[in-house]
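The lines below spell out each chain.
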Amino acid sequence: MFCYQCEETLNGKGCTKKGICGKDEGTANLIDLLIYLCKGISVRNMAAMEKGAGNPDAGTFIMDSLFTTLTNVNFDKDRYYQLINEAIAVRDSIPKTGDAEHDACTWKPKEKSEIEEKAKVVGVLSTDNEDVRSLRELLVYGLKGVSAYYHHAAILGFTDDEIPVFVQKGLASTLKDLNVDEMTGLVLECGGVGVKTLELLDRAHTTTFGKPEITTVKTTVRDRPAILISGHDLLDLKMLLEQTKGTGVDVYTHGEMLPAHGYPAFKGTDNLVGNYGRSWWHQKEEFESFNGPVLITTNCIVPPKDSYKDRVYTTSVVGYPGLKHIKADEKGYKDFSAIIEHAKKCSPPEAVGNGSDLITGCAHDAVLALAGPVTDAIKNGAIRRFIVMAGCDGRHREREYYTEFAKALPADTVILTAGCAKYRYNSLGLGDIGGIPRVLDAGQCNDSYSLVVIAKALAEAFGVDINELPVSYNIAWYEQKAVLVLLALLNLGIKNITIGPVLPAFVSPAVLDVLVKNFGLGKNSTVEDDLKRMVPK
Ligand code: FSO
Ligand code: SF4
């Protein structure tokens, strides 16, 4: 195996025998083969589409498969065998349009052992040239991000045919000998498709669940049995709340589900009690002390401990061997009765954290409703600067930097955040500036679009270019959705973004050079130096 798609990759280079995330070698290889076959489907389907004979459903299959392969989504080998067989069936349902097709378009195993053998040789290292490999993988990770966000929009009925077509164009391109400019162009185009996808998802969420409102969320517990819901899928939360109503079972959000509290659709639901715990990597302790069942709707799941394994349920793209999986029926309905009955037999959750309230729901509509006070505060100097500190949290010690940076920010600065990175500073009690919270939590990483809308509106209000605003970007990344968000920001022309806590292993020195020269992208350094740079006097 060789995998270097996430920030926690072994020694900053690549996982080779087992993933730091817990993914084993066999699973990692099967993931490589599934991606290889998705590339093959794409090549064949793009050619067939030109002749009006394409399979319009292939895009959905490919994107759901890519979502499955993101970090901390699915560790279940059986699921990958199944997807590999489905991929071959989808591909072979598309008429062949040329004679000299790539191996990814024609390879077919006669028996299971051939799958394992093939899976060992089609991975990342099958591309020899370091820079070509870097650009291809950067594109594939961006496409994984697009696929994840698109999945959330599509299950709410919001689709855009151009997005799956681009995903196939991008995947197909990685089997071709393109020059550096062509590959770089596709990477930047992926950022543009990312903006479009995030906008689609924003529309899907706000149309379905209402426009988020600035909301205070409790982190204390009640003395009743409960279910913890984690991941990003708001539709799953909606169905769970409908089914737990009147059962005496409470529901708490975990990790990236926290922003759900800001949506009007979930307000006034008396058994949606509050948020439990912090970001994804604390789950081993938090799932233990929660006592009740946990439903994981998307990333990030970490290999569960035996002590609570029987209480963890997965759904949708998520999977882990031995965990109970809840599937949707043909109409998309999920029956959560097993998890609700399970909860009734469990003790109530034990309190965690300092019990302080959290603020969320500071998405674009809510913040722009404060446009007057915000622009006044900038004009009169009460707000000197905004720092976008969005992205992911992670378990490495270097991430302490983000907590320390937030603590060291001067009192006339405001943090704009989205994603699970917020847990590093949303309970620090950073206060407000004339009623404007100093940590404006726009929501999930899925809601990063809000940060762009806010920045664009400020630029318009002040009649300046987006790069002339008093805004600095100090982004923390972990997995591939964050890669896409970064590409989306670059596509919007945002310069001088700082990323950390380490640079992606998949960005080669030459590719990094391009990003530094064209966009001023850089890595974080010390709190002191970065403060001087990002918050000039
Ligand atoms: Fe965090 Fe995990 Fe939302 Fe990611 S929960 S790390 S970018 O999957 O998705 O922010
Ligand atoms: Fe390693 Fe990250 Fe890949 Fe897991 S997802 S195998 S930790 S690089």
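Residues numbered from 1 in each chain as written. Chains lettered and ligands numbered in written order. Predicted model: local features only at pLDDT ≥ 70, side-chain atom pairs only at ≥ 80, totals over all residues. Heavy atoms only, no water.

Turning to the overall build of the chain, a few remarks are in order. Looking only at helices and strands, the chain features 18 helices and 16 strands. In terms of C-alpha radius of gyration, the chain reaches 23 Å, essentially the compact-globule figure of 24 Å for 537 residues. Overall, the chain is about 70 × 60 × 45 Å in size when its C-alpha atoms are taken along their principal axes. Counting over 537 residues, the chain shows a buried share of 60%. Residue pairs in contact within the chain that sit at least 24 positions apart in sequence constitute 75% of those at least 6 positions apart. Placing the 59 positive and 69 negative side-chain charges of the chain at their respective mean positions leaves the two points 2 Å apart. (Helix = DSSP H or I, 4+ residues; strand = E, 2+ residues; numbered from the N terminus. Rg over C-alpha atoms; globule rule 2.2 N^0.38 Å. Buried < 20%, exposed > 50% of the residue type's maximum accessible area, 1.4 Å probe, protein only. Contact = heavy atoms within 4.5 Å. Lys, Arg positive; Asp, Glu negative; His and termini not counted. Charge placed at Lys NZ, Arg CZ, Asp CG, Glu CD.)

A few words on the pattern of salt bridges. Proximity of charged atoms lets side chains of opposite charge pair with each other. The full count for this structure, using the stated rule, is 30 salt bridges. Note that Glu8 and Arg395 form a salt bridge whose closest N and O atoms lie 2.6 Å from each other. Of this pair, Glu8 sits in the segment before helix H1 (25-50) while Arg395 is found in the loop between strand S9 (385-388) and helix H14 (400-408), placing the two residues 387 residues apart along the sequence. A relative accessible area of 31% means that Arg395 is categorised as partly exposed. Close ionic contact of Asp530 with Arg533 constitutes a salt bridge, the shortest N to O distance being 2.8 Å. Of this pair, Asp530 and Arg533 both sit in helix H18 (residues 527-534), three residues apart, roughly one helical turn. Residues participating in the shared-partner salt-bridge network are Arg44, Arg91, Asp92, Glu101 and Lys108. (Salt bridge = Lys/Arg side-chain N within 4 Å of Asp/Glu carboxyl O.)

Moving on, we get to the site of ligand 2. Near ligand 2, the surroundings consist of Met1, Cys3, Tyr4, Gln5, Cys6, Thr9, Cys15, Gly19, Ile20, Cys21, Lys23 and Thr71. Looking at side-chain class alone, the shell around ligand 2 contains seven nonpolar, four polar and one charged residues. (Near = heavy atom within 4 Å. Nonpolar A, V, L, I, M, F, W, Y, C, P; charged D, E, K, R; others polar.)

A few words on the sheet that holds strand S7 (residues 324-326). The sheet built from six strands is open, its strands ordered S4-S3-S2-S5-S6-S7 with parallel pairing. Each of the sheet's edge strands pairs with one partner strand only, and the pair in question is strand S4 (272-275) and S7. Sheet twist, expressed as the average angle between the axes of neighbouring strands with direction ignored, equals 30°. In terms of strand pairing, strand S6 (residues 312-315) meets S7 through three bridges, oriented parallel. Paired with Thr315 across the strands is Ile326, a residue of S7. Taken strand by strand, helix H9 (residues 234-244) contacts strand S2 (226-230), strand S3 (250-253), S4, strand S5 (294-296) and S6, and its axis lies near 170° from that of S2. The sheet strands contacting helix H10 (residues 283-290) are S2, S3, S5 and S6, and the helix crosses S2 at an angle near 160°. (Pairing = 2+ DSSP bridges. Axes fitted to C-alpha atoms, helices over the stretch in contact; angles between N-to-C directions.)

Okay, the packing of helix H2 (residues 58-68) against helix H7 (residues 162-173) next. Remark: H2 packs on H7, axes separated minimally by 9 Å, with the N-to-C direction vectors making an angle of 70°. Classified by the angle between their axes, H2 and H7 sit roughly perpendicular to one another. As H2 packs across H7, the resulting crossing turns out to be left-handed. Judged by residue contacts, Ala58, Gly59, Ile62, Met63 and Leu66 of H2 engage Ile163, Pro164, Val167, Gln168 and Leu171 from H7. For the contact of H2 with H7, the per-class residue count stands at eight nonpolar, two polar and no charged. (Parallel < 35°, antiparallel > 145°, perpendicular 65-115°, else oblique. Left-handed = near helix turned anticlockwise from the far one by under 90°.)

This part takes up the site of ligand 1. The environment of ligand 1 is made up of His232, Glu256, Asn299, Cys300, Gly391, Cys392, Gly419, Cys420, Cys445, Tyr478, Glu479 and Lys481. A distance of 3.1 Å is found between an oxygen atom of ligand 1 and a side-chain nitrogen or oxygen belonging to Asn299. Here an oxygen atom of ligand 1 and a side-chain polar atom of Lys481 are 3.1 Å apart. Its residues assigned to classes, the shell around ligand 1 comprises five nonpolar, four polar and three charged. Residues lining the shell around ligand 1 come from more than one domain, with at least three contributed by each of domain 2 (215-344) and domain 3 (359-535). (Polar contact = N/O pair within 3.5 Å; in protein donor to acceptor, adjacent residues only side chain to side chain. Domains from an automatic or database assignment.)

Before going further, it helps to examine the UniProt feature "binding site: hybrid [4Fe-2O-2S] cluster" (unreviewed entry) in the chain. Here the UniProt feature "binding site: hybrid [4Fe-2O-2S] cluster" (unreviewed entry) sits at His232, Glu256, Cys300, Cys392, Cys420, Cys445, Glu479 and Lys481. Annotated residues spanning 250 residues; largest pairwise C-alpha distance 14.3 Å, indicating a single compact cluster. Inspection of the secondary structure assignment puts Cys420 in the loop between strand S10 (413-417) and strand S11 (432-433). Owing to a relative accessible area of 9%, Cys420 belongs among the buried residues under this scheme. Excluding residues that lie within four positions of it along the chain, Cys420 makes contacts with Glu256, Ser279, Trp280, Gly391, Cys392 and Asp393. (UniProt positions renumbered as here; feature names shortened; annotations may be inferred.)

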